[in-house]
Amino acid sequence: MQFPEKIWHNGAIKPWAEATTHVMAHAIHYGSSVFEGLRAYDTPRGTAIFRLRDHTRRLFGSAKIYDIAIPYTPDEIDQACRDIVRANGLRSAYLRPVAFRGVGSVGIAAETPIDVAIAALDFGRYLGAEALEQGIDACVSSWQRVAPNTVPAGAKAGGNYLSGQLVTREARRHGYGEGIALAAGGLLSEGAGENLFLVFDGALHTTPASASILTGITRDSIIRLARDAGIEVVERDIPREYLYLCDELFMCGTAAEITPLRSVDGKPVGDGRPGPVTRRMQQLFFGLFDGSTPDTRGWLDYV
């Protein structure tokens with residue numbers, strides 16, 4: 001991967017190689033970090049970060065759950081995101097703000113300094129350049145998501161992604177592009193790092209917050225865009241076998257954007273090609289960045 005020249009770290013923009021932390025940092029040992037993933041797009045009006053304020057709000061919400069006191073205001077984090085995109089001269093980028101417990105005591109509940117960094121990277125299609133057009137093959141993982149009373153799935157915390165690592169690495173060992181996890185009760189949850197939408201008779205169906213999902217900002221964007229376009233959206237519990245019975249199926253997230261699934265567990269989804277509702281949602285979503293979908297909600301934050 002080609003890393004940029006500069007990174008924002010603890011209040012200052014510095015050379016990439018100087019943004020270091022100690023090997024005894026609390027986050028390395030206990031997963032005590034919260035983070036966000038954002039994209040900046042090259043639009044006709046210039047570079048714009050998608051739903052910057054909403055991502056920052058979620059970052060601070062995740063930090064609140066884990067008692068991580070971020071030593072900056074949301075406005076300062078927003079401005080730092082804009083600054084680091086400009087500093088690296090990027091027209092489009094993937095941004096990764098992260099706040100984590102630094103060096104202190106080695107105790108699980110130790111009070112430590114909180115470090116904050118924001119990277120802006122030149123980052124392509126997460127699941128491959130051809131995935132958005134052709135779709136990918138997925139499988140249901142043998143690993144389940146955490147139960148609701150164990151680890152809060154609604155926080156975007158570093159430790160939560162140990163689950164996602166198991167799911168996606170298992171899938172790729174078996175030749176699939178991505179894995180899908182079930183919730184603790186055996187119903188559908190989400191992908192390794194993506195939310196899911198199934199299409200039945202032209203309507204979008206997606207799993208609820210109670211299915212141990214991270215309620216993604218891209219997911220929320222799709223729900224709003226679909227309803228604006230007159231497409232019905234249903235949030236409900238979904239059994240595993242509906243993955244095989246739906247007309248269309250796609251994953252969504254900041255990294256994955258809107259990626260169609262052409263098969264699950266070797267069974268074709270619909271006719272094995274991305275369907276019309278999926279294509280329509282891609283058109284509406286990416287239209288925000290080429291100007292063909294009006295940004296009526298102020299989701300584009302221009303750098």
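Since this is a predicted model, take the numbers as computed values, not measurements.

Novice: Can you break down the pairing of strand E2 (residues 12-15) residue by residue, with the values?
Specialist: Relative to E2, strand E1 (residues 6-9) is paired through four bridges, and the arrangement is antiparallel. Bridge pairing in E2 places His9 opposite Ala12.

Novice: How would you explain the nonpolar core if you had to name every residue and give the values?
Specialist: Ranked by internal contacts, the top residues of the largest apolar core, which has 25 residues, are Trp8, Ile49, Ile77, Leu95 and Val116. Listing elements by their share of this core, those giving two or more residues are strand E4 (38-43), helix H2 (52-65), helix H3 (74-87), strand E6 (93-101) and strand E7 (114-121). Ranked by residue count, the leading element in this core is H3, at five residues. The next biggest cluster of nonpolar side chains, apart from the first, holds 23 residues, and it includes Phe50, Phe197, Ala226 and Val277.

Novice: How would you sum up the pattern of salt bridges? Please name residues and give values.
Specialist: Counted by the stated rule, this structure contains 17 salt bridges. Measuring nitrogen to oxygen at the nearest pair gives 2.7 Å for the salt bridge that ties Arg86 to Asp83. Of the two residues, Arg86 and Asp83 both sit in helix H3, three residues apart, roughly one turn of that helix. For Arg86, a relative accessible area of 43% puts it in the partly exposed group. A salt bridge links Asp220 to Arg224; the nearest nitrogen and oxygen atoms lie 3.0 Å apart. Placement of both Asp220 and Arg224 in helix H6 (residues 217-228) is noted, with a separation of four residues, approximately one turn of the helix. Put simply, Arg51, Asp54, Arg57, Asp220 and Arg224 are held in one network by salt bridges that share partners.

Novice: Residue-level account of the packing of aromatic side chains, with values.
Specialist: Overall, the coordinates contain 12 aromatic pairs when judged by the stated rule. Among the aromatic residues, those joined into a cluster by ring pairs are Tyr41, Phe50, Phe285, Phe286, Phe289 and Trp299. Above the face of the Tyr302 ring, Arg45 is positioned so that its terminal group lies 4.2 Å from the ring centre. Its end group placed over the ring of Tyr244, Lys267 keeps NZ or CZ at 5.3 Å from the ring centre.

Each value, and the rule that gives it
Residues numbered from 1 in each chain as written. Predicted model: local features only at pLDDT ≥ 70, side-chain atom pairs only at ≥ 80, totals over all residues. Heavy atoms only, no water. Pairing = 2+ DSSP bridges. Helix = DSSP H or I, 4+ residues; strand = E, 2+ residues; numbered from the N terminus. Core = buried A, V, L, I, M, F, W, Y, C linked by side-chain atoms within 4.5 Å. Buried < 20%, exposed > 50% of the residue type's maximum accessible area, 1.4 Å probe, protein only. Salt bridge = Lys/Arg side-chain N within 4 Å of Asp/Glu carboxyl O. Phe/Tyr/Trp six-rings, centres within 6.5 Å; stacked < 30°, edge-to-face > 60°. Lys NZ or Arg CZ within 6 Å of the ring centre and 35° of its normal.

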